[in-house]
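In case you want the letters, here they are:
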Amino acid sequence: MFDDAMRSEITERPKFQARAYAGTYIDVAVVAERLWNRLSWGWLFNTHTGSGFLLLLVCAPFILGLERLPIGTLQRIGPGMVPGLVLAVALLIAGGLLIWGMFGPGIKPRLDALDLDWQGLRGILMISGGVLAFMALLPSLGLVMAAFVTSLISSIARPPFRPLSAVALATFNTAAVWIVFVVLLDLHFRAFPRNMPWIF
Amino acid sequence: MDILIGLAGGFEAAFTLQNLLYVLLGVTLGTFIGVLPGIGSMAAIAMLLPITFYMPPASALILLAGVYYGAEYGGSITSILLNIPGTPSSAVTCLDGHPMALSGRAGVALFITAVASLVGSSVAIFFLTFAAPALGRLVLNFGPAEYFAVILFGLVATSTITNGSTAKSLAMVAVGVLLGLIGMDQNSAVARFTFGIPELFDGIDLIVLAMGLFGISEIMRSMVMRSGHLATAKVSLKSMIPTREDLRASGFPMVRGTAVGSFLGTLPGAGQTIASFVAYAVEKRVSRTRERFGKGAIEGISAPESANNAAALTAFIPTLSMGIPGSATMALMLGALMIHGITPGPNFVTQNSDMFWTLIASFWIGSFLLILLNIPLIGLWVRILKIPYQMLFPMIIVLLCIGVYSVNNSPFDVGLALMLGVIAVFLRSYGFEMAPVLIGFILGPMLERYFRRSIQLGRGEAEYFVSSGISMFFLAATVLLLLMAVVAGVRSVLRGRTESSAIHSLRS
């Protein structure tokens, strides 16, 4: 999905390919294809507009946050001046990307501009799940449980997923982490659940 | 003479058993992480930063520097054997290194890489030894206006000297600056962009940001990475011996590569990736047998490999003497120093001269250890490459989580790093680079501080910014860089070309 060669292949793939008939009559299929390409959202969703929208999205919280910051004057600079200037640069670029994508030359219509496929999404989701589990479990259940669950959930991220070997790997990882961080480095982590004092 | 005395003192300090162990540990860990596909030196340094909290500052820096160039070498190993760059700066090495490996000369390629790295680092250390103290003395006269100009130049240079789109990098610098400004404003005590979240009042932690942008997002992206095929199953020591022809062919390329790298490394924002690309391009232009490039030309390895190591080290010059990081990695190093309460800047070399010279000495020692370790141990690294990625990445994720959590013992940080990581994955898939974010994050607050001071000193007059030659020079250079970027952009639009990555233009 992130391969450049693949990316160009996707870009150049016609969205709807009508067969060109050898004939002088008006081909309904060709007309339909042209109409479809005109109507399709390619002018709105391509890599450039996609980048622009994404950048706007990243800037959005800062736009909201800037509202309550006084900008001040050059003599008395307010807390909002530098962020405001910097945000203006980012928004200018976002605007440029959007305009270039919508009206610029040589932009091929492409709906699937976001080059993430299902495998990529699976990776993102499962790793997020693992990290979230770590975040949720560590304070109450301790490092050992958290590391085990995180390792287990993360294993699903990349095929092939084999449950038994994932459990074995998680066990190994947990033991390694416990030895390195609790026994050797003695970082102050809660290693085991709170109500299991008998384990020590 | 000062320099010799300092250097001698540095070697004495670095040759303590403890520091030698740290160099060894750093280089080994770095190579290991560099060999792991999908995780680069940035993530490696970010992961090890929390551990260095408990070390003396000099040892911490020695360890991190070891990790840094260890990872660079490890990245070259995967480039040559798997055709997958372990680190961005070793991407160029794929072009000729992998063809060499396919024709059964993997050992020679690996050996030349190690030698080129050593040559590049040695020369760069030499520059560092002389340039950093001199630059420090020069910078001593800098006022806020000069600092503002240099930082602005650094920020713009970061985005224009890049292998991606200039506009996108500039946008990422801006986002980085905004992220850096989150938290309590020191002048007005107003909380900025915190949205009432108490954990954000102190700002985002550097490690949390680096782990999110580089660690988590790199791992997520690596989930769709193809698993590479090893070019050769076994690399013996004997196969590493280069022929006389190889050595002769790579002599001058190493010199040229080192020169290119040493120069580009000192520029704020350029960094080693660009250095390796430029060195390769130079070599291709100079060569009389251009058609050999991309098919296993040894010059195609020796030049970029010496360039990236040289740049890696000369990047320390602006970092240590001005406190302005030249690359994202340097930004992290700077963060490590600041955590220990040491602010690099013009006074660093004079006030912390022991540490400076220890660091320099440890660079030499590290470079030699790298060669001593990697040539005999190459079989071990090749064996690590055979472990399926499937079995490695869950452990990396657990380590990333622990690393982020241990910074402040806060689950909030883990969630924040995850959020930043997910955003970074989407940004990266749209061609935004992450290194400028980190540089903006570090330089942003500095930029604001010096901007305010300049305004105060100049009593609100804009002329203050061009009151000295140095600041005028850097401001003019900034404007020039921006103009050049605009012209290049307009030209590429007129030619009807969409953006293409640097590596493709090198291939053709």
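Please read all numbers here as calculations on a predicted model, not as lab measurements. (Residues numbered from 1 in each chain as written. Chains lettered and ligands numbered in written order. Predicted model: local features only at pLDDT ≥ 70, side-chain atom pairs only at ≥ 80, totals over all residues. Heavy atoms only, no water.)

**Student:** Where do I start with the overall build of chain A in this structure?
**Tutor:** Counting its regular elements, chain A contains seven helices and zero strands. Order of helices (α) and strands (β) in chain A, N terminus to C terminus: α-α-α-α-α-α-α. Looking at chain A as a whole, 40% of its 200 residues are labelled buried. Of the accessible surface of chain A, which amounts to about 11,700 Å², a share of 70% is contributed by carbon and sulfur atoms. (Helix = DSSP H or I, 4+ residues; strand = E, 2+ residues; numbered from the N terminus. Buried < 20%, exposed > 50% of the residue type's maximum accessible area, 1.4 Å probe, protein only. Areas by Shrake-Rupley, 256 points an atom, 1.4 Å probe, with all protein chains shown as cover.)

**Student:** Would you take a moment to explain a nonpolar patch on the surface for this structure?
**Tutor:** All names here are of chain A. A contiguous nonpolar patch, built from Trp178, Ile179, Val180, Val183, Leu184 and Leu185 and spanning about 520 Å² of accessible area, is present on the exposed surface. Within the secondary structure layout, Trp178 lies in helix H7 (residues 163-184). The exposure class assigned to Trp178 is partly exposed, which follows from its relative accessible area of 33%. (Patch = residues over 30% accessible without salt bridge, like charges linked within 9 Å, V, L, I, M, F, W, Y side chains within 5 Å. Salt bridge = Lys/Arg side-chain N within 4 Å of Asp/Glu carboxyl O.)

**Student:** Any chance you could explain the interface of chain A and chain B here in plain terms?
**Tutor:** Accessible area lost on assembly of the parts is the figure often given for the size of an interface. On the chain B side, the residues contacting the 71 residues of chain A number 67 residues. The junction of chain A with chain B conceals about 5,900 Å² of combined surface from both sides, 81% of it contributed by carbon and sulfur atoms. Applying the counting rule to chain A against chain B returns zero salt bridges. Counting across the interface, chain A meets chain B through five residue pairs in polar contact (both at pLDDT 80 or more). Among the elements of the structure, helix H1 (4-12), helix H3 (47-66), helix H4 (81-103), helix H5 (118-141), helix H6 (143-155) and H7 of chain A are those that each provide at least two residues to the side of chain A that touches chain B. For the side of chain A that touches chain B, the class distribution of residues is 47 nonpolar, 19 polar and five charged. (Contact = heavy atoms within 4.5 Å. Buried area = accessible area lost by both parts, 1.4 Å probe. Polar contact = N/O pair within 3.5 Å; in protein donor to acceptor, adjacent residues only side chain to side chain. Nonpolar A, V, L, I, M, F, W, Y, C, P; charged D, E, K, R; others polar.)

**Student:** Help me understand H5(A) in this model?
**Tutor:** Because an α-helix completes one turn every 3.6 residues, residues spaced three or four positions apart along the sequence face the same direction. With 24 residues, H5(A) extends 32 Å from end C-alpha to end C-alpha; this agrees with the ideal 34 Å at 1.5 Å per step. Along H5(A), the positions that sit buried rather than exposed are A:Gln119, A:Gly120, A:Gly123, A:Ile124, A:Ile127, A:Ser128, A:Gly130, A:Val131, A:Ala133, A:Phe134, A:Leu137 and A:Leu138. If you follow the buried residues of H5(A), they end up packed against H6 of chain A together with helix H9 (206-222), helix H17 (393-408) and helix H18 (411-429) of chain B. Count one or two residues on from H5(A) and you reach A:Gly142, which has phi positive near 90 degrees. (Expected span 1.5 Å × (residues − 1).)

**Student:** Where do I start with the packing of H7(A) against H17(B) in this structure?
**Tutor:** Helix packing for two helices is described by the angle between their axes and how far apart those axes are. In the contact formed by H7(A) and H17(B), the axes pass within 10 Å of each other and the chain directions differ by 35 degrees. Crossing of H7(A) over H17(B) shows right-handed handedness. For the pair formed by H7(A) and H17(B), the contact residues are A:Leu169, A:Asn173, A:Ala176, A:Val177 and A:Phe181 on the first element and B:Pro394, B:Met395, B:Val398, B:Leu399 and B:Ile402 on the second. Within the contact of H7(A) with H17(B), the residues separate by chemical class into nine nonpolar, one polar and no charged. (Axes fitted to C-alpha atoms, helices over the stretch in contact; angles between N-to-C directions. Left-handed = near helix turned anticlockwise from the far one by under 90°.)

**Student:** I'm lost on the confidence of the model for chain A in this one. Help?
**Tutor:** Should the pLDDT be low somewhere, the predicted coordinates at that spot are not to be read in detail. Residue and element names in this part refer to chain A. A residue-level look at chain A finds 66% of positions with pLDDT of 70 or above and a mean pLDDT of 75. The spread of mean pLDDT over the elements of chain A runs between H1, the lowest at 41, and H6, the highest at 94. Within the model, the stretch residues 1-25 combines pLDDT values under 50 with 39 contacts to residues more than four positions away or in other chains. pLDDT under 50 marks residues 109-114. Its contacts with residues more than four places away, or in other chains, come to 22 contacts. (pLDDT = per-residue confidence, 0-100.)

**Student:** I'm lost on the environment of B:Met355 in this one. Help?
**Tutor:** All names here are of chain B. Take Met355: it is sitting in helix H16 (residues 353-386). Residue classification places Met355 among the buried positions, given a relative accessible area of 10%. In this structure the C-alpha to C-alpha distance between Met355 and Ser59, which are 296 residues apart in sequence, comes to 9.2 Å. In this structure Met355 touches Pro57, Ala58, Leu61, Leu337, Ile342 and Phe348, once residues within four positions along its chain are discounted.

**Student:** So what exactly am I meant to see when it comes to the nonpolar core here?
**Tutor:** Looking at soluble globular proteins, one finds that nonpolar side chains tend to be buried together. Judged by nonpolar contacts, the single largest core of 202 residues is most densely connected at B:Phe316 and B:Leu438. Lining this core are residues from two domains, each supplying at least three of them: domain 1 (4-103) and domain 2 (118-199) of chain A. Setting aside residues no more than four positions away along its own chain, B:Phe316 makes contact with B:Tyr68, B:Leu128, B:Ser321, B:Met330, B:Met333, B:Leu359 and B:Phe363. Listed in part, the eight residues of the second largest apolar core include B:Val260, B:Ala279, B:Ala303 and B:Ala311. (Core = buried A, V, L, I, M, F, W, Y, C linked by side-chain atoms within 4.5 Å. Domains from an automatic or database assignment.)

**Student:** It is not clear to me how the packing of helix H2 (residues 17-35) of chain B against helix H4 (residues 57-82) of chain B should be interpreted in this structure. Could you clarify?
**Tutor:** All names here are of chain B. Contact geometry of H2 with H4 gives a least axis separation of 6 Å together with a crossing angle of 35 degrees. As H2 packs across H4, the resulting crossing turns out to be right-handed. Counted by class, the contact of H2 with H4 contains 12 nonpolar, 11 polar and no charged residues.

**Student:** Help me out: how do you make sense of unusual backbone geometry in this one?
**Tutor:** With omega at 0 degrees, the peptide bond leading from A:Pro159 into A:Pro160 counts as cis. The residue A:Pro160 is located in the loop between H6 and H7 in this model. Non-glycine residue B:Phe193 carries a positive phi angle of around 50 degrees. Within the secondary structure, B:Phe193 sits in the loop between strand S2 (191-192) and H9. Look at B:Phe193 and you get buried, because its relative accessible area is 3%. Although it is not a glycine, B:Phe195 sits at a positive phi angle of roughly 55 degrees. Mapped onto the elements, B:Phe195 comes out in the loop between S2 and H9.

**Student:** Help me out: how do you make sense of the pattern of salt bridges in this one?
**Tutor:** Residues and elements named next belong to chain B. Scanning all chains against the criterion turns up eight salt bridges over all chains. One salt bridge in this structure joins Arg292 and Glu299, with 3.0 Å as the shortest N-O distance. Close ionic contact of Arg452 with Glu448 constitutes a salt bridge, the shortest N to O distance being 3.9 Å. Taken together, the residues span about one helical turn, with Arg452 and Glu448 both in helix H19 (residues 435-457) at a distance of four residues. Here Arg452 matches Glu448 in class, with each residue buried. Several salt bridges share partner residues, and in doing so they unite Asp185, Arg192, Glu448 and Arg452 into one network.

**Student:** Any chance you could explain the side chain of B:Ser471 here in plain terms?
**Tutor:** Residues and elements named next belong to chain B. By secondary structure assignment, the location of Ser471 is in helix H20 (residues 469-494). The buried category is assigned to Ser471, whose relative accessible area is 0%. Here the side chain of Ser471 touches Phe465 through a polar contact of 2.9 Å, landing on its backbone oxygen. Every residue in contact with Ser471, bar those within four places of it in the chain, is listed here: Ala145, Glu146, Ala149, Phe465 and Val466.

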